[in-house]
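Analysis of the macromolecular model
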Amino acid sequence: MKFSNKVASLQQSPTLALNAKAKERGAKGLPVFNLTAGEPDIETPDFIVDYVAGKLKENKYTPAAGLPQLREVAANYYQGHFKQTWVKPENIVVTAGAKPALTAIFMCILNDGDEVIVPTPAWVSYKAEVEVAGGKAVFVKSTKDFDLDINAINKAITPQTKAIIVNSPNNPTGASYSKESLDKLAELLIDNDIYVISDDIYSRLIYKDIHLPLNTSIPKDKLVIINGFSKSQGLTGWRIGYIVTSRELTKKLTSLLSHTNGNAPVTAQHAGIAALNNNDEPEFIEDLKEKREITAKLLGGIKGIDFKKPDGGFYYFVDISKITTNSALFCQDILEKYGVVLVPGEAFEAPGYFRLSFACSNHTLEDGIKLIDKFIKGE
Ligand code: PLP
């Protein structure tokens, strides 16, 4: 059986593979401290359950671009919360999560061999999504502080460059890009016809004021915003997200989705309406703030590692390069010895680090970090 070139080298996401190993250990009755979660440790918020409960009789196809009401509340949210008066319902396309949103965008803008600049460390799925659409991911290392390296990005631009992905707050680093670097990126776009794909999935889980690309001088006709409710409301399994972009691209995306995915699940769309009626407020943010502090305190007591408190999201990206550059082996060994599950930096094109998610119970977090300390001390 031969597969297409587009998927021939495709492998399952490394985080899923790690979780499978952790489950295997758990099934044998061995202790597991899973610090890989890419989703909040909450149930569906009650206000969403109550709202959607009244909609369960709805079973018909919706328009491919999404329920008009959802597009309207999403536009109102961008106008109100983000002060983007240009965003109208016609600028919104609803998708079954951010992942299909990204895949649909790449299908719409890439020809075979077109390049997409991906600043690293980068979320694991960007490369695969670009490649499945026939494109090529061009990795560009970020600065030491995990800000965009504008000189390196400038050098990476070629006639084939179609887009750059910006993800701020970032998975895995937790850092947000500075306004200065985003404005410099906007300057680069004056002479280059390049889309800025801004993955804003963590934009409601923030611990300080940050500048999203939409708040900078990046021209709106070159901006493609990805958002959704997986992180802000813990609706990962419901599969619901959306794209905010130019009307031109919105129309093309709608045509594509009408033949491929169809509409996002109607119940999940109602969940999105409920969330936006509540201004997409993450009710669990205070709990996350506390976990962010607990993590900083415990990691701060471990010798030989470096880290920065995240600006947003729920990950710490811990520098272990003084201990080893083979973070994959480090993560494998600590899983085998103590059952602590971490994602190695290699998964994000950044060896010498591990990603620790604090979206877990306090008990898992505290015991897991104590075991990291023990492991590093060689105990
Ligand atoms: N973008 C980033 C940066 C993510 O971390 C994730 C999930 O881990 C996604 C997109 C996917 O989100 P969704 O569940 O809406 O597909």
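Above this text you will find the structure in question.
The rules behind these values
- Residues numbered from 1 in each chain as written.
- Predicted model: local features only at pLDDT ≥ 70, side-chain atom pairs only at ≥ 80, totals over all residues.
- Heavy atoms only, no water.
- Core = buried A, V, L, I, M, F, W, Y, C linked by side-chain atoms within 4.5 Å.
- Buried < 20%, exposed > 50% of the residue type's maximum accessible area, 1.4 Å probe, protein only.
- Contact = heavy atoms within 4.5 Å.
- Helix = DSSP H or I, 4+ residues; strand = E, 2+ residues; numbered from the N terminus.
- Polar contact = N/O pair within 3.5 Å; in protein donor to acceptor, adjacent residues only side chain to side chain.
- Pairing = 2+ DSSP bridges.
- Axes fitted to C-alpha atoms, helices over the stretch in contact; angles between N-to-C directions.
- Parallel < 35°, antiparallel > 145°, perpendicular 65-115°, else oblique.
- Nonpolar A, V, L, I, M, F, W, Y, C, P; charged D, E, K, R; others polar.
- Near = heavy atom within 4 Å.
- Areas by Shrake-Rupley, 256 points an atom, 1.4 Å probe, with all protein chains shown as cover.

A short note on the nonpolar core
- Phe106, Ile197, Val340, Leu342, Phe354, Leu356 and Ile372 are the most contacted members of the largest nonpolar core, which has 74 residues in total.
- Excluding its chain neighbours within four sequence positions, the residues that come into contact with valine 340 are Phe33, Leu35, Cys331, Ile334, Leu335, Gly368, Leu371 and Ile372.
- Val94, Phe229, Val244 and Ile273 belong to the second-largest nonpolar core, a separate cluster that totals 50 residues.

Side note on the environment of arginine 71
- Along the chain, arginine 71 falls in helix H4 (residues 68-80).
- Measuring from C-alpha to C-alpha, the distance between arginine 71 and serine 232 comes to 18 Å, with 161 residues separating the pair along the chain.
- There is a polar contact of 2.8 Å between the side chain of arginine 71 and the backbone oxygen of isoleucine 92.

Some points on the sheet that holds strand S5 (residues 161-167)
- The strand order across the open sheet formed by seven strands is S2-S8-S7-S6-S5-S3-S4, and the pairing between neighbours is mixed. The sheet is open, and its two borders are formed by strand S2 (92-95) and strand S4 (136-141), each paired with just one other strand. Each strand axis lies, on average, 25° off the axis of its neighbour in the sheet, ignoring direction.
- Both S2 and strand S8 (residues 241-244) contribute to a ladder of four bridges, which runs antiparallel. Note on S8: the bridge partner recorded for valine 93 is isoleucine 243.
- In the packing of H4 onto the sheet, the strands contacted are S2, strand S7 (223-228) and S8, and the crossing angle to S2 comes to about 120°.
- Docked against the sheet, helix H9 (residues 247-259) engages S2, strand S6 (195-199), S7 and S8, running at close to 30° with respect to S2.

Overview of the packing of helix H5 (residues 98-109) against H9
- Taken N-terminus to C-terminus, the directions of H5 and H9 make an angle of 110°; their axes are 10 Å apart at the nearest point. With respect to H9, the element H5 is oriented roughly perpendicular. Contact residues: Ala104, Ile105, Met107, Cys108 and Ile109 in H5; Leu249, Lys252, Leu253, Leu256 and Leu257 in H9.
- Class assignment for the residues of the contact of H5 with H9 results in nine nonpolar, no polar and one charged.

Things to note about the site of the ligand
- What surrounds the ligand is a group of 13 residues, the closest being Ala98, Asp199, Ser230, Lys231 and Arg239.
- Lysine 99 has a polar backbone atom sitting 3.0 Å from an oxygen atom of the ligand.
- Here an oxygen atom of the ligand sits 2.8 Å away from a polar atom, N or O, in the side chain of asparagine 171.
- Here the ligand has 400 Å² of accessible area as a free molecule, and 93% of this is covered by the chains.
- Per-class residue counts for the shell around the ligand are five nonpolar, four polar and four charged.

Focus on the sheet that holds strand S11 (residues 343-344)
- Sheet architecture is open: three strands sit in the order S9-S12-S11, paired in antiparallel fashion. For this open sheet the edge positions go to strand S9 (315-319) and S11, each flanked by a neighbour on one side alone.
- Here S9 runs beside strand S12 (residues 353-357); their pairing, made up of five bridges, is antiparallel. Among the inter-strand pairings, phenylalanine 317 is bridged to a residue of S12, identified as arginine 355.

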